[in-house]
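Read off the chains here:
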Amino acid sequence: MSNSVNISVETTCENQIREIAYDGTELYQPPPTLSESLAKCAARIDFSKTSLEDLKKEEKSAAAAEDDNKDVNQFQESLWPWDAVRNKLKDAYTEICVLSDVISIAKDKRYLVLDPLLEDGDDTKPIVQVYSRKKAISQAAQVLLSGAERLRNAHSEQRSRNISDFHIELLRLRQNWRLKKVSNGAIIGDLSYRTAGSKFGMSGTFEVTKAEDALDEEGAGNSANASTPSSSSSNNGMQPKASSALRVIVPAELQGVAYIKVITQKDQEDLCTAQVNLMGHGPNITAQVGVWQKSLEFAQNVLFCKELFAQLAREAIQLQAPIPHVVIGNQIRATLLPNIQLIISLCHSTSFDSSQPAPINDHDHVLEHSLHQLLREVHYKNSHHPFPHPASAPLGPSKKRMLAGPTAADREALLDMTKTQTILEQIIAQAQHIFMRKRTQYVLDTLARDVKDPQIVSHWNAMNSPTMSCVKINIVTHGYDAIGRTSLVIHVKERSLKCICRDGRVMKLSYEPQELRDLILCQINSHQISCLVSLARYMAWTVLSNSNHLGIGKVEPLGNASSCLLASPNSDRMIAVQIRCDPQIDVKVYIARSPRQDFFPSPLVPEKFWENLGGNFKEVRFDKIEGKSFLNKMEFLMASLTSNTA
């Protein structure tokens, strides 16, 4: 066409905008690569139209559509004369290309394999397949049975020789101890508590070697008998002789038997003895794991005792006690109370003497558990530090100290947060408490044995702390429980006692047992008077006076005398009771009659009604009155005086 104009159509240089940030920055999508463009173009191909007939039908439909629109489009150009030839050549070229690709693929045999068609063969009978499968299964079963028989023979031969496999023994050893293989091929283990947080400097490594043959093993066992406690104990009948495929070599400083001996001593007399070690607790797993288990247990026990004693000795030197602690050799001396000392000794021997009793069979489990727990707490504090709050805060202070500012803690509270007790201080505190508790028990048991009336009943609380116990004391009279009882609670602490009476009074006592004894006697005195007043009211007697602190008579060596003045219902009899603690309970009873039989009028006292004042008090032989207890005797006395009046 003469009026045609060439138009250039180009794509824009800018890519599509993928994202617009909040600050207005535009992020463009990168242009597609060649592989992405090829994949996009290939996606537009319609592979359903692959035959020539479909293409011809398309051309005919397109030609019919052009004929219909010929009138509308007057300026459409006619088809090219060689157009049909070009299309056929193009189709032939396409088929040749496809054939070439198929041949190349089949030639390489990597993507396509041409297999010939299989002809239909003769059908095999099912019974033949069953026989063939049965024969194959029988051959496989024969192989398995022969292998099992060989394993059984090898196992029986190994059991008859009583020689363990090295790798099985090593596996059992790894189940209980930490092992690692070093560069030179040796196997070493660790007995220390470093993974738990211990900072003890002594090495706890041991070496594991393989016993080459029976003779070498016996020779190594004999050499180990002179150095290891397990072999020495086996010679004395404590452990049967057994063979093992591996040997454990323990350092010389960890060989032998060690234990910590704790003695509470008063004036060169042992009050309490305890022996602490790691042995003698838990199930005996030596028979299950191997003969080397006992050697490692003894070595770890030595390491434990040395670490614990080193920690206690370091604390004993650093602490500033009123009476300084003494550390001499393997012994620590600390003063609990006056004339009472706590002696902690480290006993370590490399030879076993059968004449002496084994130290592992007699020890205090409570003290052992306490020492385990205290040492474990030290290890835990070494490995677990509180996290800073906030994150910019320094490491070290606890969470309570970090919250001291927001909670407005005072100086005293801050000082309490910084105070910590060492292992030795806690052991001394527990030992002091144990001694105070035994003293309290002795005083209460002695009073309950000596004082028959009234009865003293002690109830010790089962839930106690290591440094404080609680006991409730009930003072009752047999047969008169409903009339009255006296209760008090005693808190046994480290160096003192705290007594809480029923009326709310709180009294603090020292560690002297005489103070507790005097307090109980005073409570008994008060109990007798209060129960007598209640009994008199039940029997219709009148209480004229009652005093727990009598101010007349001689001075009592203990407490104050108590008194009570009673009058009969007709007021013709009076009973005066006086109870003193001198040093036992001393009861005196006096009786007066009214009217007086020896009254005579005088010029100064002419009236006769003055004879009702009563006569002089006469003492009653109280021990001769019938009755099992003080209240029972007083009940009989008041009943007899009342019946005589009636």
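Quoted verbatim from the Sequence similarities (unreviewed entry) heading of the UniProt record, the comment on the chain is "Belongs to the Mediator complex subunit 17 family." On record in UniProt, under Subcellular location (unreviewed entry), the comment for the chain is "Nucleus".

**Student:** I'd like a description of the overall build of the chain, backed by residues and values.
**Tutor:** Counting its regular elements, the chain contains 15 helices and 21 strands. Looking at the chain as a whole, 31% of its 646 residues qualify as buried. Of all intrachain contacts in the chain linking residues separated by at least 6 positions in sequence, the fraction that spans at least 24 positions is 56%. Summed over all atoms, the accessible surface of the chain reaches about 43,900 Å², with 55% contributed by carbon and sulfur.

**Student:** Could you give me a rundown of the nonpolar core, with the residues and numbers involved?
**Tutor:** Most often, soluble globular proteins keep nonpolar side chains buried together rather than apart. In this structure, Leu296, Ile473, Ile490 and Ile520 are the most contacted members of the largest nonpolar core, which totals 69 residues. Here this core spans two domains, since at least three of its residues come from each of domain 1 (172-211 + 246-266 + 292-351 + 363-380) and domain 2 (440-525). When near neighbours in sequence (up to four residues on either side) are disregarded, Leu296 contacts Leu173, Trp177, Leu191, Phe206, Val248 and Val250. Tyr480, Leu535, Met638 and Leu641 belong to the second-largest nonpolar core, a separate cluster that totals 25 residues.

**Student:** I'd love a proper account of helix 5 (residues 166-176), names of residues and values included.
**Tutor:** Considered for burial, the residues of helix 5 that qualify are Phe166, Glu169, Leu170 and Leu173. Along the long axis of helix 5, the arc covered by the buried residues comes to 100°, so they all point the same way. Residues His167, Leu171 and Gln175 are exposed on helix 5 and point more than 90 degrees away from its buried face.

**Student:** Can you explain the packing of aromatic side chains? Please cite residues and give values.
**Tutor:** The full count for this structure, using the stated rule, is 1 aromatic pair. For the pair Phe622 and Phe630, a centre-to-centre distance of 5.6 Å together with 50° between the ring planes defines the contact as tilted. Overall, the relative accessible area of 11% leaves Phe622 in the buried class. Residue classification places Phe630 among the buried residues on the basis of a relative accessible area of 3%.

**Student:** Run through the sheet that holds strand 4 (residues 187-190), naming residues and quoting values.
**Tutor:** If you trace the 4 strands from one edge of the open sheet to the other, you get 3-4-5-6, paired in antiparallel fashion. The sheet is open, and its two borders are formed by strand 3 (178-181) and strand 6 (246-249), each paired with just one other strand. Taken over all neighbouring pairs, the strand axes of this sheet differ in orientation by 30° on average, direction set aside. Looking at chain direction, strand 4 and strand 5 (residues 205-210) are connected through 4 bridges and run antiparallel. Within the sheet, the bridge partner assigned to Ile187 lies in strand 5 and is Val208. Of the strands in this sheet, strand 3, strand 4, strand 5 and strand 6 are in contact with helix 5, which crosses strand 5 at around 160°.

**Student:** Give me the lowdown on a nonpolar patch on the surface, citing residues and values where you can.
**Tutor:** There is a patch of nonpolar side chains on the surface, built from Ile127, Val128, Val130 and Tyr131 and spanning about 410 Å² of accessible area. Relative to the elements of secondary structure, Val130 occurs in helix 4 (residues 126-161).

**Student:** So what about the pattern of salt bridges? Which residues, and what values?
**Tutor:** Overall, the coordinates contain 8 salt bridges when judged by the stated rule. Linking Glu149 and Arg152 is a salt bridge whose minimum nitrogen-to-oxygen distance equals 2.6 Å. Of this pair, Glu149 and Arg152 both sit in helix 4, 3 residues apart, roughly one helical turn. For Glu149, a relative accessible area of 37% corresponds to the partly exposed category.

Cut-offs applied
Residues numbered from 1 in each chain as written. Predicted model: local features only at pLDDT ≥ 70, side-chain atom pairs only at ≥ 80, totals over all residues. Heavy atoms only, no water. UniProt positions renumbered as here; feature names shortened; annotations may be inferred. Helix = DSSP H or I, 4+ residues; strand = E, 2+ residues; numbered from the N terminus. Buried < 20%, exposed > 50% of the residue type's maximum accessible area, 1.4 Å probe, protein only. Contact = heavy atoms within 4.5 Å. Areas by Shrake-Rupley, 256 points an atom, 1.4 Å probe, with all protein chains shown as cover. Core = buried A, V, L, I, M, F, W, Y, C linked by side-chain atoms within 4.5 Å. Domains from an automatic or database assignment. Arc of directions from axis to C-beta. Phe/Tyr/Trp six-rings, centres within 6.5 Å; stacked < 30°, edge-to-face > 60°. Pairing = 2+ DSSP bridges. Axes fitted to C-alpha atoms, helices over the stretch in contact; angles between N-to-C directions. Patch = residues over 30% accessible without salt bridge, like charges linked within 9 Å, V, L, I, M, F, W, Y side chains within 5 Å. Salt bridge = Lys/Arg side-chain N within 4 Å of Asp/Glu carboxyl O.

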